[in-house]
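For reference, the chains in residue letters:
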Amino acid sequence: MPVYVSNLGFPRIGARRELKTALESFWSGKATREALLGTAKDLRAATWRRQQALGLDIVPSGDFSLYDQVLDTSVMVGAIPALYRPLGAPESLDVYFAMARGTQAANAENGCAHGHGHGHGGADVPAQEMTKWFDTNYHYLVPELGPLQRFALTTTKPVDEFREAKALGIHTRPVIIGPVTWLLLAKPAQEGFEPLSLLGDLLPVYVELLSRLRDAGADWVQIDEPALVLDLDDAARAAFRTAYAEFAERVSGLKLMLATYFGGLGDNLETAVGLPVAGLHVDLVRAPEQLDAVVGKAPANLTLSLGVVDGRNVWKTDLAAVLDRIAPVAARRTKLLIAPSCSLLHVPVDLDLETKLDPAVKDWLAFGVQKLEELALLGKALNGGRESVGEALAANAASIAARRASPLVRDPAVRARLAEVDAGWSVRSAPFAERIAAQRAILALPPLPTTTIGSFPQTAAVRKARAAHGKGDLDDAGYDAFLREETERAIRWQEEIGLDVLVHGEFERNDMVQYFGEQLSGFAFTKAGWVQSYGSRCVRPPIIYGDVSRPQPMTVDWWRYAQSLTEKPVKGMLTGPVTILQWSFVRDDQPRADTCRQIALAIRDEVLDLEAAGAKIVQIDEAALREGLPLCRTDWQKYLDWAVDAFRLASSGVRSETQIHTHMCYSEFNDIIAAIGAMDADVISIETARSKMELLDAFATSAYPNEIGPGVYDIHSPRIPTPGEMQHLLRAAGERLLVRQLWVNPDCGLKTRGWDEVRPALVNMVEAAKAVRAGTG
Ligand code: GLN
Ligand code: ZN
């Protein structure tokens, strides 16, 4: 029997972000529902045809989504919280997009970066909570389930899309999210409730769905259960057995391909191979070591789908290496598929659109389309012998070898320097108590010093000037003059309202990672390498292909200019090594930890140059430190060790009296508080406004010794907080921590807000700090 070539999912945003355009026109009222649905339909058809033309045996359907596949599932099974039900029929776009984005009373002002345009006649409901899909940078909408939840098949999206493809003459394998993973991703609507306890009520809905898919003509269905790579307790494992036994018993004539990805099955292997399903997909990119165990344990009649092409990264596959590993399995097993490791949702669509990449680097890359070409080639080699595709394999081998040997990848100077680094580089010259005394003497700040996180509004004017400069319509001098004016205005205004520690405003930055990546060696940038982050939001992650170094200072001129305008201290403002790593496509030819250390050294150089230029405070943002945590807890400590060390390597070169700040945009610290402490930043600013300071408990109970700025102003909302509210939050913080430890600042940077919101909010914030200082608050 041949080895079949399959895909698990394709990016749905469109190679030119057609879906984004269509969604945003619809939301702004410029385009009709029909226009949006028409674009969606065209995108699906083009995607199916393209995959067929590439020679795939198994093409997925149902992997499309107007916003998010988890939301699709929630709506499909009728998990629509009561809040959204009055907005329309359960299957309507009104309900769907309200769950996705919330609605705003028609006249409400909203400066939110992704804009809420579509009016809903006065209804004002919040969106569902959003969080990261496993360890990716894709965000899904979190289902919310309570004990009264009852399920019913509310939409038949997978069936409709299967039929749609069939009408085009394409027989697809529908993709759905499995019931156990979906329940495990849900959050309880009330404390103590276990969403998994709803499994019994949910299963009949899945049985009905699967039966309908079979009746529509599907022979296989891909059912995604990535939760099988997590640490599972007995209850979750039992839920898998219950669910799949039920499907085996109640749905006949349909084969299920149980898809696992983002890691190895580990302790769940016995559970997975014991389920009564026809097929099992395993991720051999993230967990190559599981191949033998999976093949050894899988019953002979279980179809195995081997994920051999990386669905999470942009590198060309070493085809010979894959063939060497897979050919022996193919010789022994009759039922075999090859596939990407996971859905291709997480990589850009098509490398052919990149016309500006260095051709040497471009030759090492494969985006979605190219990954499917690789799979087709692997299929031919496995089925027809390597000779049948000898030329293509030779070309692949040449490019793999070229990358390995390229001087672009290895910089001897970077390696020599890293070899010199010893543990001493990651330790400040004095303990915190000594440092803070020296810093206080120099900075002479009042108690409860006020500051902001770095960015000020990226207004239409700022974005317009940047775009004009990018296009060449505005020359360097003109752009520079524009940015200087913005910066000066920001400095003057901060002085005027009485902030204690100022920022330059980050007007010159397109993005907190891209701005640095563009100035570092070893980074490449795409023109159209968009990856969906959530809904219509896409990001274009930098590609780290080689050893990282910093040819010249990146931020010193802007800092120096800003500081020249004022007597008050202006913070140097940098993005940390872990965050730069986490928001990039990272080279796969060395451990992530090694790449992170290289970035750390580059940032260290910048920190020291800022200090030499006179900066008394340098802030190193590590927004993504927490999201880098591995999926399995047993792997956490190893990650935290190298991540914290990278931060320390970046920050520890300075003198004791130079104050290092860091910033993190989230509030769950309980489980990583030791690592946060180990970073040994002099001051950390965190998000707390929405949680009413309760989240400071982690810092209080662990007796966190360094200084903290708990955000008192929720920048994610257009609301302007009153001085009273902020005084209240400050007092709550003061009950948990020493007042002399506390700073006063917003939750995060202000770039997504408008000046009309920022001005009064910060005036109120300064007033609140003064009132609490004076003991009158
Ligand atoms: N300094 C950055 C800013 O203010 C930090 C942003 C972030 O952490 N997300 O925009
Ligand atoms: Zn932040």
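Here's a quick rundown of the structure. (Residues numbered from 1 in each chain as written. Chains lettered and ligands numbered in written order. Predicted model: local features only at pLDDT ≥ 70, side-chain atom pairs only at ≥ 80, totals over all residues. Heavy atoms only, no water.)

**Some points on the sheet that holds strand β13 (residues 521-524)**
Point 1. The 3 strands are arranged β13-β16-β18 in an open sheet whose pairing can be described as mixed. Looking at which strands have only one partner, the edges of the open sheet turn out to be β13 and β18 (585-586).
Point 2. Inspection of the sheet shows β13 paired to strand β16 (residues 543-549) by 3 bridges, in the antiparallel sense. Directly across from Ala-524, in β16, lies its bridge partner Ile-543.
Point 3. Here helix α22 (residues 592-613) sits on the sheet and contacts β16 and β18; the angle it forms with β16, its principal contact strand, is near 50°. (Pairing = 2+ DSSP bridges. Helix = DSSP H or I, 4+ residues; strand = E, 2+ residues; numbered from the N terminus. Contact = heavy atoms within 4.5 Å. Axes fitted to C-alpha atoms, helices over the stretch in contact; angles between N-to-C directions.)

**Notes on the coordination of the zinc ion (ligand 2)**
Point 1. Looking at the zinc ion (ligand 2), the protein donor atoms are His-663 (NE2), Cys-665 (SG) and Cys-748 (SG), and they sit 2.0 to 2.2 Å from it.
Point 2. Taken together, the 4 donor atoms coordinating the zinc ion (ligand 2) span angles of 76 to 123° at the metal, a pattern that classifies the geometry as irregular.
Point 3. All donors of the zinc ion (ligand 2) belong to a single chain; written as a sequence motif, their spacing is H-x1-C-x82-C. Taken together, the positions of Cys-665 in the loop between β20 (659-664) and α24 (673-679) and Cys-748 in the loop between α26 (723-736) and α27 (755-773) put the pair 83 residues apart, joining distant regions of the chain.
Point 4. Look at Cys-748 and you get buried, because its relative accessible area is 16%. (Donors = N, O, S within 2.8 Å, 3.2 Å for Na, K, Ca; no water. Tetrahedral: all angles 85-135°; square planar, octahedral: opposite > 155°, others 65-115°. Buried < 20%, exposed > 50% of the residue type's maximum accessible area, 1.4 Å probe, protein only.)

**Comments concerning unusual backbone geometry**
Point 1. Of note in the backbone geometry, Phe-134 takes a positive phi value of approximately 50° without being a glycine.
Point 2. In this fold, Phe-134 is placed in the loop between β3 (130-132) and β4 (139-141).
Point 3. Although it is not a glycine, Glu-506 adopts a positive phi angle of roughly 60°.
Point 4. Relative to the helices and strands, Glu-506 resides in the loop between α18 (476-497) and α19 (514-517).
Point 5. Owing to a relative accessible area of 7%, Glu-506 belongs among the buried residues under this scheme.

**Side note on the sheet that holds strand β1 (residues 4-5)**
Point 1. With respect to topology, 8 strands assemble into an open sheet ordered β1-β12-β11-β10-β9-β8-β6-β2, the strand pairing being parallel. Looking at the sheet topology across the chains shown, the edges are occupied by β1 and β2 (60-61).

**Focus: the site of ligand 1**
Point 1. Around ligand 1 sit 13 residues, and of these Ser-455, Glu-506, Asp-621, His-663 and Gly-749 come closest.
Point 2. At a separation of 3.1 Å, a nitrogen atom of ligand 1 approaches a polar backbone atom of Ile-453.
Point 3. Alone, ligand 1 offers 290 Å² of accessible surface; in the complex the protein occludes 95% of this.
Point 4. Looking at the shell around ligand 1, its residues break down into 6 nonpolar, 4 polar and 3 charged. (Near = heavy atom within 4 Å. Polar contact = N/O pair within 3.5 Å; in protein donor to acceptor, adjacent residues only side chain to side chain. Areas by Shrake-Rupley, 256 points an atom, 1.4 Å probe, with all protein chains shown as cover. Nonpolar A, V, L, I, M, F, W, Y, C, P; charged D, E, K, R; others polar.)

By themselves these figures say nothing about function.
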